[in-house]
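An overview of the molecular structure
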Amino acid sequence: MTDREAFLAGNRPDDVAFFLHEDAVSNPEALDEYAEPVENGLVLVLPGEEGRSAFQSAAGIDPMALAQAAMDTPSEIDRSLVGGTCPVADEAPEDDHHVRLVFAFAEAQNEEVGGIYAEGDVIHAYAACACGQRYSEKWVVEE
């Protein structure tokens, strides 16, 4: 099982995961030791604070600023963390609409909060499209 698969299965709740499209990283070779190569980019799964810092260094944006900008715009983010559906693609079809960045973290099941949090661990994912749009999705980890 890869680090990404373990994260998505809820087995790494203290870690963060992020995807960087190949055009979002100036020196992807510098991340080879830590990253899982995927089509069009890299995925990294790192311990919480270290991962947030690495994301900010590689992407040039604070992950919490990305989350803040994306949280009120729901759309689909691939469960693999390497793609998504830009919510403005139909409004601006002439723009490039591929995911440049995805930042994700897990939150443990919390029945007191209710909603999807009562159903199981929840993945929070935040994406930035090449067109500049930010969006988010959260889902319950599949057993």
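Above this note sits the structure.
In this report, the structure presented in the accompanying data block is examined.

Criteria and thresholds
- Residues numbered from 1 in each chain as written.
- Predicted model: local features only at pLDDT ≥ 70, side-chain atom pairs only at ≥ 80, totals over all residues.
- Heavy atoms only, no water.
- Pairing = 2+ DSSP bridges.
- Helix = DSSP H or I, 4+ residues; strand = E, 2+ residues; numbered from the N terminus.
- Axes fitted to C-alpha atoms, helices over the stretch in contact; angles between N-to-C directions.
- Contact = heavy atoms within 4.5 Å.

1. Quick word on the sheet that holds strand β4 (residues 99-107)
One open sheet accounts for six strands, arranged β2-β3-β1-β4-β5-β6; its pairing is antiparallel. Each having just a single partner strand, β2 (36-38) and β6 (134-140) make up the two edges of the open sheet. Across this sheet, the average inter-strand angle for adjacent strands is 20°, counted without regard to direction. Taken together, the seven bridges between strand β5 (residues 122-129) and β6 define a ladder with antiparallel strand orientation. Residue pairing across strands places Ala-128 opposite Arg-134, the latter belonging to β6. Where helix α2 (residues 48-59) meets the sheet, it contacts β1 (15-21), β3 (41-47) and β4, and its direction lies at approximately 15° from that of β1. Seen against the sheet, helix α3 (residues 63-70) touches β4, β5 and β6 and runs at an angle of roughly 85° to β5.

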